[in-house]
Amino acid sequence: SEKHEGSSGGLHWLDEDAMRVRSLVTAVAWLWTASADDGGEAQAVDGFTTEDREKMTESSEKHEFQAEVNRLMDIIINSLYTDKQVFVRELISNAADALEKARFMSVQDEAFLGDNKDLEIKVEYDDEGKTLSIVDSGIGMTKADLINNLGTVAKSGTTNFLEAIQDGADANLIGQFGVGFYAAFLVADKVTVTSKCNDDPKQHVWESSADASFTVTEDPRGNTLGRGTRVTLHLKEDAHEFLSEDKLKELTKKYSQFMQFPIYVKTKKEIEADAEEDDDDDDDEEKDDAEVKEEDEEKKEEKQPGKKTVHEWEQVNTQKAIWLRQKEDVKEEEYNEFYKAISKDYLDPLSYTHFNAEGEIEFKSILFLPKKAPFDMMDNYWTKKSEVKLYVRRVLVAEKFEELLPRYLNFVRGVVDSDDLPLNVSREQLQQNKIMKVISKKLVRKTLELLKKLAKDESSEEEDEEGEEKEASTEEDKKDDEETPWQKFYKEFAKNLKMGCYEDDSNRSKISKLLRFATTKSDGKEISLDQYLDNMKDNQESIYYMAGESKEVLEKSPSLQIFQKKGIEVLTLTDHLDESCIQKLADYEGKKFVSIQKADIKLEETEEEKKRFEKIKDMYKPLTDWWKEKLTDLTEKGALKDSGVKVESVQLSKRLVDSPCVVVTSQFGYSAHQEKIMRAQAFQNKDQLNMMAGRKTLEINPNHPVVHDLLEKIKQDKENSQAVDTATVLFQTAMIESGYDISDPSVLVKKVYAMMSKEIGVDPNAPMKEIEVPEEEEEAEDTADAEDEDDADETESDSKKEEL
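What you see is a predicted model, and the numbers here were worked out from it, not measured in a lab. (Residues numbered from 1 in each chain as written. Predicted model: local features only at pLDDT ≥ 70, side-chain atom pairs only at ≥ 80, totals over all residues. Heavy atoms only, no water.)

Novice: Just checking my understanding: could you explain the overall build of the protein for this structure?
Specialist: Each helix and strand in the protein was counted, giving 26 helices and 25 strands. Sequence separation of 24 or more characterises 73% of the internal contacts of the protein that already satisfy a separation of 6 or more. If you sum the accessible surface of the protein, you get close to 45100 Å²; carbon and sulfur atoms cover 46% of it. (Helix = DSSP H or I, 4+ residues; strand = E, 2+ residues; numbered from the N terminus. Contact = heavy atoms within 4.5 Å. Areas by Shrake-Rupley, 256 points an atom, 1.4 Å probe, with all protein chains shown as cover.)

Novice: It is not clear to me how the sheet that holds strand β15 (residues 395-398) should be interpreted in this structure. Could you clarify?
Specialist: In sheet architecture, strand pairing relies on hydrogen bonds along the backbone and comes in two forms, parallel and antiparallel. Read across the sheet, five strands follow the order β12-β13-β16-β14-β15 without closing on themselves; strand pairing throughout is mixed. Pairing within the sheet leaves two strands with one partner each, and these edge strands are β12 (351-357) and β15. Sheet twist, expressed as the average angle between the axes of neighbouring strands with direction ignored, equals 20°. Relative to the sheet, helix α10 (residues 332-343) contacts β12, β13 (363-369), β14 (387-392) and β16 (413-418), its axis offset from that of β13 by approximately 85°. (Pairing = 2+ DSSP bridges. Axes fitted to C-alpha atoms, helices over the stretch in contact; angles between N-to-C directions.)

Novice: Could you clarify how one ought to interpret the side chain of T519 in this entry?
Specialist: Structurally, T519 is set in strand β17 (residues 516-519). Among the residues examined, T519 registers a relative accessible area of 0% and is labelled buried. Ignoring anything within four residues of it in the chain, the contact list for T519 reads K525, I527, Y532, K551, E569, V570, L571 and T572. (Buried < 20%, exposed > 50% of the residue type's maximum accessible area, 1.4 Å probe, protein only.)

Novice: Is there a simple way to think about the environment of R221 in this case?
Specialist: Locating R221 in the fold gives a position in the loop between β8 (213-218) and β9 (228-235). Look at R221 and you get partly exposed, because its relative accessible area is 26%. Between the C-alpha atoms of R221 and H204, which are 17 residues apart in sequence, the distance is 9.9 Å. Discounting residues that sit within four places of it in the chain, R221 has contacts with D46, G47, F48, D52, T194 and Q203. Polar side-chain contacts of R221 include one of 2.8 Å to the side chain of D219. (Polar contact = N/O pair within 3.5 Å; in protein donor to acceptor, adjacent residues only side chain to side chain.)

Novice: When you look at the packing of aromatic side chains in this model, what are you seeing that I'm missing?
Specialist: Working definition: an aromatic ring pair is given by the centre-to-centre distance plus the angle between the planes. Under the definition given, this model contains 19 aromatic pairs. Look at F489 and F493: their rings are 5.2 Å apart centre to centre, the planes differ by 35°, and that puts the pair in the tilted class. With F489 and F493 both in helix α13 (residues 485-503), this residue pair falls four residues apart, about one helical turn. For F489, a relative accessible area of 0% corresponds to the buried category. (Phe/Tyr/Trp six-rings, centres within 6.5 Å; stacked < 30°, edge-to-face > 60°.)

Novice: Please clarify how a nonpolar patch on the surface should be interpreted in this entry.
Specialist: A cluster of nonpolar side chains, contributed by V749, V752, Y753 and M756, occupies part of the molecular surface with about 370 Å² of accessible area. Relative to the helices and strands, V749 is located in helix α25 (residues 746-759). (Patch = residues over 30% accessible without salt bridge, like charges linked within 9 Å, V, L, I, M, F, W, Y side chains within 5 Å. Salt bridge = Lys/Arg side-chain N within 4 Å of Asp/Glu carboxyl O.)

Novice: I would appreciate a short explanation of the environment of K254 in the present structure.
Specialist: Mapping K254 onto the fold places it in helix α7 (residues 245-256). Assessed through its relative accessible area of 24%, K254 is described here as partly exposed. Remark: the alpha-carbon pair of K254 and N317, spanning 63 residues in sequence, is separated by 9.5 Å. Other than its neighbours up to four places away in sequence, K254 contacts Q85, Y391, L396 and E399.

Novice: Looking at this structure, I do not really get a positive patch on the surface. What am I missing?
Specialist: Where like charges cluster on the molecular surface, the positive patch consists of K441, K452, K456 and K510. The element that contributes the greatest number of residues to the positive patch is helix α11 (residues 433-467), accounting for three residues. Secondary-structure assignment places K510 in helix α14 (residues 508-512). (Lys, Arg positive; Asp, Glu negative; His and termini not counted. Charge placed at Lys NZ, Arg CZ, Asp CG, Glu CD.)

Novice: Which parts of the structure should I look at to understand the packing of helix α4 (residues 87-108) against α7?
Specialist: The description of two helices packed together rests on the angle between their axes and the distance between the axes. Their axes nearest at 9 Å, the elements α4 and α7 cross at an angle of 65°. The crossing of α4 and α7 is right-handed. Only L251, T252, Y255 and S256 of α7 make contact with α4, whose side of the interface consists of V88, R89 and I92. The residue makeup of the contact of α4 with α7, split by class, is four nonpolar, two polar and one charged. (Left-handed = near helix turned anticlockwise from the far one by under 90°. Nonpolar A, V, L, I, M, F, W, Y, C, P; charged D, E, K, R; others polar.)

Now the structure itself:
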């Protein structure tokens, strides 16, 4: 036996005593782990009997890894990979590399494959021996390859192969033997590699326990592979979960579902004991039908039914990588099946886009829009990662990539596959964030283009429907009930688009064209902002909106009265995200968004209307000044001092028609709807809320008789108690009607009770008196009368019984 050192150099011979001790220890260890069958022969583990192991121990060559490998292997096994199950991906990727090399060599030399023409990967496990094996019929490795390629971390036969064929040949190989191969030690305490190459007449076995050394020896069994490599993992105790058909199928599908070479997993099946014999009969000479039937009947009578366990190879990567084909060649059914395979959704996709990206980074991709949103989509919005899978040459690198798509597009499903992504050594992260940003930017652009196409198809359908004049009313009703693809999408994912409008500064203008809102003239139907612009009056300079709990509440708002009178369309925002989204937009196609629930609304007026308003303003100045003074006392010293309400001013309103007054907030403060949302937050900051609530403005209607009466009263007496009560009640009711909360409603309640008392002729200041109850004698008489009636009924019933 010889021992080689890497960078430290030198060839050392072990003395005979040490050699005998090592042989004895190895033989005893293997005899202890092997179990004897009924025939008394030791069980073979990974195809090696105890005799084979002894021969290999005697003739093995022991080598040491390079000096730096020991430390690097510890990093690989304990730190490099975040998930130990990726060893399946690494080993199958290496096997695919070997198969690709064999395929390439067979193109140059037709006789290269010989009798073993099937290029395939097989995965099997031994439950008794606690081993897991991955076998390929690839190019294989010679003894020198085993020493050089597996003895050096990041030393790659694949890399050397690519360097040798720089003439542009199709050799898209992934990964490197070395780092990827040593992922096997995540789950195994010993790894055995058996390999046979056409360039070496002998088959060799490489073995290591990750203890800074490895052994290489000639396989005593001879050539059992024909050509290829078998990697066997002797699993650790905490890795026995991988000794399961279902687990291996799951992992193989997950990481290598779209591999171009077939991957088989060895499975167990129970069949009838005579079923196998029946299959063997098919190879015999053909018999007459009558004779065959008679024999079958005799077998059924003679043989008792029994079961037998057989092993079969089941292909797990039946799904094809359709993104590599031209989209013209892929059928709709194939897209639907592919979507269901990667998303585990039972519904077909709503829509999809299939494209090839070229430029700074080249990749192929298919993106799908689901029909239904996940039930928990917004519950974990801030932590959920993108559902687009990242592949490198059809090998899964990341099932969920945080930076692949922004949060608001986390509902998109699909795949991205590139041949030249700069991966780090563990293949789990991209080394350059710049490349990631380029891919993400293109994916976002393609997704928004797909959404734009859906929205455009909806608008074109609506135009076609308007152009059709002759249609039965029943058919029109049916068409109205049917939702377009865009309506289905918007119903499920409208919140995502609104979050995107709020978060994505670079694509906000594109997203704004996809938004839909109901208006005061849309009859409950949601329209686009472009449609709103088309409906605007010629002299309208702004896009008006209002926010509230529901459309019904908003339509009764006093702030809307002047707009209804003038026939101006107003957006009605009932979703909690609507108002924040609109405020982020600020304007659309040069038209500013203006809230009709805030102060300083400017509407078109004639010169006569302006002059009249100025005269009325002067006329009501005593009332507005007096009212402002009383409200200041109320909010700073009176019943509303703890409410946080601050009154900016009292002024005449141009928006009121029927109501006496309305409360509006400043331009940069929270609206009533936003205040409610912020107050409902579990971790609200009261100081910040009071600051952002904004100062309130009370607008009064000079044409309302109550307001005019109030003016006349304060002209006569500014301390009129009835006038003060009326002013206080009007302000508080206007707060409630405008959607604001009043922290202490008791003052308002008392005044309402007093007004109700006066209305029915009761003195509201009358003292409380106890109600007189009936005397006890009257109650006793009533009770006695009731008992006499009961006795009479009983006597009558008894007499009837006697007669019967």
